[in-house]
Amino acid sequence: MRQGSHVTEQSKHAALCVEEAEEMVETLRAALAGAGIVLPSLGLDPGSIARSAPCPLVELGRCPVDMAARLAAVVLAGTDDRSATP
């Protein structure tokens, strides 16, 4: 395999990883919104996608205390639902 084609394949893979991560952020944003939760800083961590071989990280960011309480309640409710399932 030539060096140039390897770089192109890496670039395509990196772009696909970032695209998938962006889609997941939007999926998470919609799921949270459905539960009445808004994380204003939700997005991709810029440092994780700025590298030559990006490995995207989702930045949940900061939110007001009441929003953190709502998020905790939703997560805990989901945990209770799963523990009740046989």
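Our structure's up above, just so we're on the same page.
A brief structural summary.

A few words now on the pattern of salt bridges. Following the criterion strictly, the structure yields one salt bridge and no others. Glu26 is the salt-bridge partner of Arg29, the closest N and O atoms lying 3.4 Å from each other. Here Glu26 and Arg29 lie together in helix α1 (residues 3–34), a separation of three residues that amounts to about one turn. Taking relative accessible area as the criterion, Arg29 reaches 32% and is therefore assigned partly exposed. Accessibility expressed as a relative area gives 44% for Glu26, which makes it partly exposed.

Turning to its location among the elements, Ser48 is positioned in helix α2 (residues 46–49). Look at Ser48 and you get buried, because its relative accessible area is 5%. A polar atom in the side chain of Ser48 sits 2.8 Å from the backbone oxygen of Asp45. Among all residues touching Ser48, those that are not within four sequence positions of it are Pro54, Cys55, Pro56 and Leu57.

Rules of the game
- Residues numbered from 1 in each chain as written.
- Predicted model: local features only at pLDDT ≥ 70, side-chain atom pairs only at ≥ 80, totals over all residues.
- Heavy atoms only, no water.
- Salt bridge = Lys/Arg side-chain N within 4 Å of Asp/Glu carboxyl O.
- Helix = DSSP H or I, 4+ residues; strand = E, 2+ residues; numbered from the N terminus.
- Buried < 20%, exposed > 50% of the residue type's maximum accessible area, 1.4 Å probe, protein only.
- Polar contact = N/O pair within 3.5 Å; in protein donor to acceptor, adjacent residues only side chain to side chain.
- Contact = heavy atoms within 4.5 Å.

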